[in-house]
Amino acid sequence: MNVVETYDVIIVGAGHAGCEAALASARLGKETIMFTVSVDSIAMMPCNPNIGGTSKGHLVREIDALGGEMGKNIDKTFIQSKMLNKSKGPAVHSLRAQADKQDYTREMRRTIENTDHLTVRQGEISELIVEDGVIKGAKTVSGATYYAKSVVLATGVYLKAKCIHGDVCQYTGPNGLMAANHLTDSLIQNGIKMRRFKTGTPARVDKRTVDFSKMEEQMGDERIVPFSFSTDPESIQKEQVSCWLTYTNEETHKIIKDNIDRSPLFSGMIEGTGPRYCPSIEDKVVKFADKNRHQVFIEPEGLYTNEMYLGGMSSSLPEDVQYAMYHTVPGLENAKIVRNAYAIEYDCIEYGQLLPDLQFKTIKGLFSAGQFNGSSGYEEAAAQGIIAGINAARFIDEKESLVLDRSQGYIGVLIDDLVTKESHEPYRMMTSRAEYRLLLRQDNADLRLSKIGYEVGLVSKERYDYVCQKEVLIEQEVKRLEEYRVGANKKVQAVLESLNSTPLKTATSLAELVRRPELSYDLIEELDDERPELSDDVREQVNINIKYSGYIERQKKQVSNFKKLEGKKIPEDFDYSKVLSLRKEAVQKLSFYKPINIGQASRISGVSPADISVLLIYMEQNK
């Protein structure tokens, strides 16, 4: 007899999306089983050995504020940490950490295996069980049946995966792991539309064969800032390893151009669309023909290995061309390849099939997250994973889904883009996509989202109380600084002169001094006789809130207008064909996407401002 088991939630895949989804649903008390093609690949990092980066660091902080695991895990396993864009404003500051890849996987696996209500199962899901448009469970290739009340698909790049370099094509997942070749057919049979995307990874080389003297050393920050708001900063101050920067050159580009016909990207061997913002080196050379060099970051894969990752040089060129082009790069003249660069092609879903809670429109209780949704990156996957896991649990309890909007977080922007935009390439998060980025900073993610995490059930009362207290302390200190005045006396003038700041002509508030570009809250400490003892994170918020108060208030007004449109709900069964003045294209797009409110409707391509006005008038007349 075949095995038959019953769970509350099934998670298909154990990458970064699957891990966050499984932990969320299990921590919310749902009996959860997570399937993976290999238990050794839990939270594996098949490409770059880092977490965070521009805009991605925001996502990790938000995952943490909601009660997720990624931030905590990288804090335990990083080998170098750096706050990016520090020369710019706080809206674009982003934390990035090099991970010890093996340690990262090991730590996440330890957490998952010791989480109550969570079972890990090695096995390939081959079929969904769907009855009358409702998910009922899934079957494995061995014939075992697992019934569940909700299912999360987080298959990553494994569906019918194909790894390619030159004319070599291997039907495997990343790092030679087994591909999942059966589930796609079941998805198509259940009416889910699929497509092919591709991503790639550079070669790994032996550290002993790299000449670092020809490269620029890239150090970590002197003072390490943790990703998780619950990590004690003092506990992670440690010695860090270096990364290195070098560049391609005209010789590198000539070798690539001379062999471009051998690239499967240009020969037609690769059918899938690749990520625009993370192109292969051959893509860069063709698309940016005017540039005579490109950056190459040499990054350690971990403390346990001599493998070095060649960031910026992913490729699917043949092996002999890879050797030739890498050897033209300063410092890599004698480099020995440990693993070839390759492209990986995989199945994922077509756009427009998901609701804002990441549930399929046509199958109730079926959720999806990560690269399966057409995104790219570990952080984007994990962000979708925690939302899908929360909503899979809430679906069972018949609770309203958690949907973050664009004014609440980068996670809201990410998911809103995925469900309303016609994306024809792997989606990557960027700060420029967030309209309210001055409010959605990585430093205030806990203040924005911890209450939501607490209400959902993933953030502890202790953590929530701390955030509430922090909020009060910030408000009190900002108010005090606005009211505390200093005169143009000798002491004040001397301090300002020492800080290269213009002397005062009349008395002013400390807040006005903080707003000066050359000054900050900490720099004027000498002028503040009533300054309270505050933690680093509170002082940081006080400084930012005062210094950017005008811009922050302006964005808050923009958010207020945005919320008005988001608050105008559209019934699920709304018939757009009855709105006579709507253009035909708008009717088609709105009927296809089924937006939940006017704000979302306004962001659908093909729906004009005039269409929205018509829709608003119709809804007002037919209340």
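Refer to the preceding data block for the structure.
Residues numbered from 1 in each chain as written. Predicted model: local features only at pLDDT ≥ 70, side-chain atom pairs only at ≥ 80, totals over all residues. Heavy atoms only, no water.

**Student:** Teacher, can you tell me more about the side chain of glutamine 371 here?
**Tutor:** For glutamine 371, the position within the fold is in the loop between strand E22 (366–368) and helix H10 (378–396). The buried category is assigned to glutamine 371, whose relative accessible area is 18%. Contacts of glutamine 371, omitting those with residues within four sequence positions, involve Gly156, Val157, Thr199, Tyr346, Cys348, Ser376 and Gly377. (Helix = DSSP H or I, 4+ residues; strand = E, 2+ residues; numbered from the N terminus. Buried < 20%, exposed > 50% of the residue type's maximum accessible area, 1.4 Å probe, protein only. Contact = heavy atoms within 4.5 Å.)

**Student:** How do you make sense of helix H17 (residues 549–566) when you look at a structure like this?
**Tutor:** Counted at 1.5 Å a residue, the expected span for H17 with its 18 residues is 26 Å, and the 25 Å between its end C-alpha atoms agrees. Those residues of H17 that fall on the buried side of the exposure criterion are Ile552, Gln555, Val559, Phe562 and Glu566. Buried residues in H17, looked at end-on, bunch into an arc of 75 degrees, giving them a common side. H17 presents Arg554, Lys557 and Lys564 as exposed residues on the side facing more than 90 degrees away from its buried surface. On the buried face of H17, the contacting elements are helix H16 (536–547) and helix H19 (598–602). (Expected span 1.5 Å × (residues − 1). Arc of directions from axis to C-beta.)

**Student:** Can you walk me through the pattern of salt bridges in this structure?
**Tutor:** Once their charged atoms are close, side chains differing in charge can pair, the charge on each being opposite to the other. Overall, the coordinates contain 54 salt bridges when judged by the stated rule. The partner of glutamate 113 in a salt bridge is arginine 109, with the nearest N and O atoms 2.9 Å apart. One end of the pair, glutamate 113, and the other, arginine 109, are both in helix H4 (residues 101–113), 4 residues apart, so they sit about a helical turn from each other. Residues aspartate 536 and arginine 539 are paired through a salt bridge, measuring 3.0 Å at the closest nitrogen-oxygen approach. One end of the pair is aspartate 536 and the other is arginine 539, both in helix H16 and 3 residues apart, which spans about a single turn. (Salt bridge = Lys/Arg side-chain N within 4 Å of Asp/Glu carboxyl O.)

**Student:** Which parts of the structure should I look at to understand the sheet that holds strand E17 (residues 243–247)?
**Tutor:** What holds strands together in a sheet is hydrogen bonding between their backbones, with the strands either parallel or antiparallel. The strand order across the open sheet built from 6 strands is E16-E17-E18-E19-E15-E20, with neighbouring strands paired in antiparallel fashion. The sheet is open, and its two edges are formed by strand E16 (216–218) and strand E20 (337–339), each paired on a single side. Pairwise comparison of adjacent strand axes, ignoring direction, gives a mean angle of 35 degrees for this sheet. In the sheet, strand E18 (residues 295–300) pairs with strand E19 (residues 307–311) via 4 bridges, with the strands oriented antiparallel. For phenylalanine 297, the partnering residue across the bridge sits in E19 and is glycine 311. (Pairing = 2+ DSSP bridges. Axes fitted to C-alpha atoms, helices over the stretch in contact; angles between N-to-C directions.)

**Student:** Looking at this structure, I do not really get the packing of aromatic side chains. What am I missing?
**Tutor:** Both the distance between ring centres and the angle between the ring planes are used here to describe each pair of aromatic rings. Within the structure shown, the criterion is met by 9 aromatic pairs. Aromatic side chains phenylalanine 212 and tryptophan 244 sit 4.8 Å apart centroid to centroid with 35 degrees between the ring planes, which places their arrangement in the tilted category. With phenylalanine 212 in the loop between strand E15 (204–206) and E16 and tryptophan 244 in strand E17, the pair connects residues that are 32 residues apart, well separated along the chain. Aromatic side chains phenylalanine 574 and tyrosine 618 sit 6.0 Å apart centroid to centroid with 90 degrees between the ring planes, which places their arrangement in the edge-to-face category. Residue phenylalanine 574 is found in the loop between H17 and helix H18 (584–593), and its partner tyrosine 618 is found in helix H20 (residues 609–621); the two are separated by 44 residues along the sequence. Given a relative accessible area of 18%, phenylalanine 574 falls into the buried group. For tyrosine 618, a relative accessible area of 21% translates into the label partly exposed. Here the guanidinium or amino end of lysine 361 rests over the ring plane of phenylalanine 592, the centre of that ring lying 5.4 Å away. (Phe/Tyr/Trp six-rings, centres within 6.5 Å; stacked < 30°, edge-to-face > 60°. Lys NZ or Arg CZ within 6 Å of the ring centre and 35° of its normal.)

**Student:** Sorry, what's going on with the side chain of arginine 394 here?
**Tutor:** For arginine 394, the location among the structural elements is in helix H10. Buried charged residue arginine 394 carries no salt bridge. Nearest counter-charge: glutamate 400, at 6.3 Å. Among the polar contacts made by the side chain of arginine 394, one reaches the main-chain carbonyl oxygen of glutamate 400 at a distance of 2.7 Å. Setting aside residues no more than four positions away along its own chain, arginine 394 makes contact with Lys399, Glu400, Ser401, Leu402 and Val456. (Lys, Arg positive; Asp, Glu negative; His and termini not counted. Polar contact = N/O pair within 3.5 Å; in protein donor to acceptor, adjacent residues only side chain to side chain.)

**Student:** Help me understand the pairing of strand E11 (residues 150–153) in this model?
**Tutor:** Two faces belong to every sheet, and in a regular strand the side chains alternate between them. Burial of the side chains of E11 extends over both faces: Ser150 and Val152 are buried on one face and Val151 and Leu153 on the other. As judged from the 4 bridges shared by strand E2 (residues 9–12) and E11, these two strands associate in the parallel manner. Along E11, the bridge assignment pairs isoleucine 11 with valine 152. Here E11 runs beside E22; their pairing, made up of 3 bridges, is parallel. When the bridges of E22 are listed, valine 151 appears paired with leucine 366.

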